[in-house]
Structures are given as structure tokens and as C-alpha cells.
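Report on the structure
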Amino acid sequence: MKKSAVILAVVIGLSACGGSSGSVDTSVPVSVPDTALPAGGDRAVIVATNSVLQAFVQMVVGDTAEVLTVIPDGKDPHDFEPSAQDVAALNSADLVVQNGLDFEHGVEDSIETAEQAGVTVWTLTDHVTLIGEDPHVFTDPLTMAGALDALAAAVTALEGVSADVVSARSQLDAAASAAGTSINTLGAGKCRLITDHDALAYFAKRFGCTVAGAVIPSFSSAAEASAKDLEAVRMAAGSVKAIFMEEGAPDAVVRQVADELGIKLVELRIHALPADGSYVGYVKAIADLITAALS
Ligand SMILES: [Zn+2]
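Here we summarise the structure given alongside this text. Quick caveat, the model's predicted, so the values are computed rather than measured.

Glancing now at the state of the cysteines. What the rule picks out here adds up to one disulfide. Between the sulfur of cysteine 191 and that of cysteine 209 lies a disulfide, 2.1 Å long from S to S. When the S-S torsion is 80 degrees, as for the bridge of cysteine 191 with cysteine 209, the disulfide is right-handed. Taken together, the residues span a long stretch of sequence, with cysteine 191 in the loop between helix H7 (165-184) and strand S5 (192-197) and cysteine 209 in the loop between helix H8 (201-207) and strand S6 (210-216) at a distance of 18 residues.

Structure below.
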């Protein structure tokens, strides 16, 4: 889709340069930048910044679009630096879907460049109810449901892409219900969470958990813990059974705190999809892991 648009633009450009004579100098080599295009046939290409967003978008568009991710499964999105190939994929996308609120900090410049070159960019956090400036909206399926209509409008603007909002909404409801059922088995007030950084506020609010503290009280794992922060965690740790850390995030300080307090450290796959690769499975996996760790 984008490829043909590029070819068309090149042809029009050459025709214009040909002037009133209408002749085109065919000796000029025309290179079409298609190296980043996947084997997706004629389908529109949507590039999400991370794998969880990729799964979310895929749930909405089904197989009517090719949906790619820049940040691979399980990589810390807060400090990921895109490769030249990632940058090319962003530049040739029919639509870029990003989280926003500085979540994918290292990719932002490349997205901005693509946008300036005419690529449409859709930002998740512009379309959901936020908790402060916290970017981790995707840990709550019902917060995500708030973005469905806006996402549908963005993707259906692409040729050949359709969006099944009704099905997506019912899948999100089912995911919320399953996650809630899992957490509820812990009993009232028992879902108390300490995380490596502030990543679970949306999840906690939705499912009645309490965030007792964070080793690094920042929305980014790239921040650093202060002595005061660690003291606050030590105070809160008496009431928790586990410290949860985002898989792939820097873990030295978190490990040290968990060791020192004799609390188990549990890796939570907040930035990785489960085996089934679905957003719904992702939500259930987080809930089940928290429930198992706190039981
Ligand atoms: Zn995070």
C-alpha cells in the first residue's frame, strides 16, 4: 500500500520535473525505499512501538493489516534505541501507533521524524482516562477499551483495513472479568504490590490492589532509586509477599532490596506477550502471576 503510494509520488515528481515537454528522463535511476516493508502483500502496514500495543492493534484489525512492532517482546521499552531498520519501518508505515507520555522514550525522535515526513501517528494515551502522567495504561483492559473507537477511526482511514470494535470490546471485558476473578481469590485487601518502578497503577486501581511502594518511584525503569526511596520500600515491605519487577528492566537495585528484606522477587511480564501472543492472554497472565505470587 505504502509502496505503491511511494512509487506514485516518485512518478508524479518526475513528471513535474519533466516540465511542459512532458518528457521523463528514464535514464535517472529511481530507487524505491522498500527495504523495511514486510512480506504482507498489499495490506496496509501498521507499526506499533511495542509488542503489547501490537497485540492490541492486531485484536482490533484482525488480518486486514500487517501489524509490526519496533520494540521486541520482553525488551525494556523505557530505554530501547531503534535500529536503522526500525527507523526505516517507521518511515514507511501507513500508520504508527505509539503509547505516548514518554513511555517509549528512545523511539520518540524517530517517530517525530517520521511524522514530519508525513506518516500518521496515533497516540494511545491521548484517548484514555489517565492516572496522572502514568503511561502504563495497557495494564488495564478497560482503560484500553476507552481507546477503541479512536483507534478504529485511525485504522479504518487506511485502505482495506477494517476494525471489529464490538468483538474487541467483548474480549477486553472478558479479560477484565478473568483477571478480576483471579485477583479476587486472594481475598479483600490481600493484593498488595511493590514493584521495581511505578508500572501497575492502572492494573491495581481496576482490580482492587494496593501499590504499597516502588523501589524506583518513577514511571520509567531508567530512573534511579534514592536512599529515601529504598527506606520507603523497606517500610512498606513488611506487608508484602513479593516484589514485582518488569522483565528486562535493570534489576541490580531491586535484587539487592529483595535479598536484604528476604522477600521473593517475581518477574512480571509487563512488556512481553504470553505464548498465545494475544493482548487478552497478556492481561490474564499478569493477573495469574500476581495471584500465584501472593497466594
Ligand atoms: Zn514501565
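Now for helix H11 (residues 279-294). Helix length check: H11, at 16 residues, gives a terminal C-alpha distance of 23 Å against a target of 22 Å (1.5 Å per residue), a fit within 8%. Within the sequence span of H11, burial applies to Tyr279, Val280, Gly281, Tyr282, Val283, Ile286, Ala287, Ile290, Thr291, Ala293 and Leu294.

Turning our eyes to something else, we now look at the coordination of the zinc ion. Note on metal geometry: ideal angles are 109.5 degrees for four donors arranged tetrahedrally and 90 or 180 degrees for six donors arranged octahedrally. Taken together, His78 (NE2), His136 (NE2) and His197 (NE2) make up the full set of protein donors to the zinc ion, lying 2.0 to 2.2 Å away. Along the chain, the residues that donate to the zinc ion are spaced as H-x57-H-x60-H. Of this pair, histidine 136 sits in the loop between strand S4 (121-123) and helix H5 (141-145) while histidine 197 is found in strand S5, placing the two residues 61 residues apart along the sequence. The two residues histidine 136 and histidine 197 agree in class, both being buried.

A separate point is the sheet that holds strand S2 (residues 65-71). Taken together, four strands build an open sheet; the order of strands is S2-S1-S3-S4 and the sheet is parallel. The outermost strands of the open sheet, each flanked by one partner alone, are S2 and S4. Mean inter-strand twist for the sheet, computed between neighbouring axes without regard to direction, equals 25 degrees. As defined by bridge partners, strand S3 (residues 95-98) adjoins S4 across three bridges and the pair is classed as parallel. Residue pairing for S4: glutamine 98 is matched across the bridge by threonine 123.

When two helices pack together, their arrangement is given by the angle between the helix axes and by the axis-to-axis distance. Relative orientation of the contacting elements helix H2 (residues 51-61) and helix H6 (residues 148-156) amounts to 75 degrees, with a least axis distance of 11 Å. Taken together, the axis directions place H2 and H6 in an arrangement best described as roughly perpendicular. Facing Phe56, Val57, Val60 and Val61 of H2, the residues of H6 in contact are Leu148, Leu151 and Val155. Looking at the contact of H2 with H6, its residues break down into seven nonpolar, no polar and no charged.

Thresholds applied
Residues numbered from 1 in each chain as written. Predicted model: local features only at pLDDT ≥ 70, side-chain atom pairs only at ≥ 80, totals over all residues. Heavy atoms only, no water. Disulfide = S-S within 2.5 Å. Helix = DSSP H or I, 4+ residues; strand = E, 2+ residues; numbered from the N terminus. Expected span 1.5 Å × (residues − 1). Buried < 20%, exposed > 50% of the residue type's maximum accessible area, 1.4 Å probe, protein only. Donors = N, O, S within 2.8 Å, 3.2 Å for Na, K, Ca; no water. Pairing = 2+ DSSP bridges. Axes fitted to C-alpha atoms, helices over the stretch in contact; angles between N-to-C directions. Parallel < 35°, antiparallel > 145°, perpendicular 65-115°, else oblique. Contact = heavy atoms within 4.5 Å. Nonpolar A, V, L, I, M, F, W, Y, C, P; charged D, E, K, R; others polar.

By themselves, these observations are geometric and do not establish any function.
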